[in-house]
Amino acid sequence: MDYSWLTAPAAQIPAVARSLLGWEVSANGVTIRLSEVEAYAGTGEDPASHAHRGPTPRTGIMFGPAGMAYAYFVFGAHWCFNIVCGAEGEAAAVLLRAGAVVEGAELARKRRGDVPDRDLARGPARLGVALGIGAEANGTSMVDGTGPLLLTPPTRPVDPSSVSAGPRVGVAAAHDVPWRFWITGDPTVSGYRRHVPRRRG
């Protein structure tokens, strides 16, 4: 089992994100094979990153150690999950954007409702709902089995030639940086929507 990405520096976060495609994340009886991820770098390098301006009570987790879960609440309704990467003190994280439910589909459907299989975890908020996970995962390990989320190597490695890259979704700054990675043609990959700033009336 290759966990070498745990020791990769924050500067290698795009390569780390690509390498996590096909990995499986599990919680509460559901396992999801990751089909889409998104990379975020640290202080001063990436204005789209929550850690761009340095550590805060919310983002301190992004500064290490690697392998921890960084969870955040969006739109007052949903939890999204990242895996912290990079050397301790260097902020970097990979957002788990989407995947295919490979175990526990009926449990995921109870949480998500009557939706097609491709939509059970198609998008970062849906992924969290399918796993039945929330704030309790924040700051816990995703690699040693002590936390509610467990990230494990792929049973079917992803061929690097089948990986696509493109702009990130829903960020106001650096949205054209091609740090979103997905398995080409996978039906569980979320749709791309360019961020449009809200106009004040």
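Placed above this text is the structure.
Residues numbered from 1 in each chain as written. Predicted model: local features only at pLDDT ≥ 70, side-chain atom pairs only at ≥ 80, totals over all residues. Heavy atoms only, no water.

Caption draft 1: Fine view of the overall build of the chain. Within the chain one finds 3 helices and 8 strands. Relative to the compact-globule value of 17 Å for 201 residues, the chain shows a C-alpha radius of gyration of 16 Å, a close match. Across its three principal directions, the C-alpha atoms of the chain cover 50 × 45 × 35 Å. Residues classed as buried in the chain amount to 50% of the 201 residues present. Long-range contacts, defined as pairs at least 24 residues apart, comprise 58% of the intrachain contacts of the chain with a sequence gap of at least 6. Of the roughly 9,500 Å² of accessible surface on the chain, 54% is carried by carbon and sulfur atoms. (Helix = DSSP H or I, 4+ residues; strand = E, 2+ residues; numbered from the N terminus. Rg over C-alpha atoms; globule rule 2.2 N^0.38 Å. Buried < 20%, exposed > 50% of the residue type's maximum accessible area, 1.4 Å probe, protein only. Contact = heavy atoms within 4.5 Å. Areas by Shrake-Rupley, 256 points an atom, 1.4 Å probe, with all protein chains shown as cover.)

Caption draft 2: Structural context of the packing of aromatic side chains. According to the stated counting rule, one finds 4 aromatic pairs in the structure shown. Considering the side-chain rings of Tyr3 and Trp23, the 5.3 Å spacing of their centres and the 85 degrees angle between planes classify their relative orientation as edge-to-face. Of the two residues, Tyr3 sits in the segment before helix H1 (13–19) while Trp23 sits in the loop between H1 and strand S1 (24–27), which places them 20 residues apart along the sequence. Seen from their ring centres, Phe73 and Trp79 are 4.9 Å apart, and the 40 degrees between their planes marks the pair as tilted. Accessibility expressed as a relative area gives 42% for Phe73, which makes it partly exposed. The class for Trp79 is partly exposed, based on a relative accessible area of 26%. (Phe/Tyr/Trp six-rings, centres within 6.5 Å; stacked < 30°, edge-to-face > 60°.)

Caption draft 3: Main features of the state of the cysteines. The tally for this structure, following the rule as stated, stands at 0 disulfides. Cysteine Cys80 shares no disulfide, and the gap to the nearest cysteine sulfur, in Cys85, comes to 16 Å. Residue classification places Cys80 among the buried positions, given a relative accessible area of 5%. (Disulfide = S-S within 2.5 Å.)

Caption draft 4: Inspection of the environment of Glu136 at higher detail. Residue position: Glu136 is located in the loop between helix H3 (124–131) and strand S6 (150–152). Placed 52 residues apart in sequence, Glu136 and Thr188 show a C-alpha to C-alpha distance of 26 Å.

Caption draft 5: Summary view of H3. Among the 8 residues of H3, 6 are classified as buried, and the element is accordingly described as predominantly covered. Among the residues of H3, those classed as buried are Pro124, Ala125, Leu127, Gly128, Ala130 and Leu131.

Caption draft 6: Molecular detail of the layout of surface pockets. The calculated volume of the second largest pocket comes to roughly 160 Å³. Taken together, Arg18, Ser19, Leu21, Trp23, Pro154, Pro157, Val158, Pro160 and Val163 make up the lining of the second largest pocket. (1 Å grid on protein atoms, 1.4 Å probe; cavity = no way out; pocket = protein on both sides within 12 Å on 5 of 7 lines; lining within 4 Å. Points joined across faces, edges and corners; volume = space filled by probe spheres on them.)

Caption draft 7: Structural detail: the packing of helix H2 (residues 105–112) against H3. Axis separation between H2 and H3 bottoms out at 7 Å; the angle between their running directions is 115 degrees. Considering the relative orientation of H2 and H3, their crossing is right-handed. Along its contact with H2, which presents Ala108, Arg111 and Arg112, the element H3 presents Arg126, Val129, Ala130 and Leu131. Partitioned by chemical class, the residues of the contact of H2 with H3 number 4 nonpolar, no polar and 3 charged. (Axes fitted to C-alpha atoms, helices over the stretch in contact; angles between N-to-C directions. Left-handed = near helix turned anticlockwise from the far one by under 90°. Nonpolar A, V, L, I, M, F, W, Y, C, P; charged D, E, K, R; others polar.)

Caption draft 8: Up close: the environment of Ala8. Looking at where Ala8 falls in the secondary structure, it is placed in the segment before H1. Sequence separation between Ala8 and Tyr40 is 32 residues, and the spatial gap between their C-alpha atoms is 14 Å. Not counting residues within four places of it along the chain, the set of residues in contact with Ala8 comprises Val16, Gly86 and Ala87.

Caption draft 9: Main features of the side chain of Arg180. Position of Arg180 relative to the elements: it lies in strand S8 (residues 180–183). Accessibility expressed as a relative area gives 4% for Arg180, which makes it buried. Of the polar contacts made by the side chain of Arg180, one reaches the backbone oxygen of Pro167; its length is 2.9 Å. (Polar contact = N/O pair within 3.5 Å; in protein donor to acceptor, adjacent residues only side chain to side chain.)

Such coordinate-based values are descriptive only and should not be taken to indicate function.
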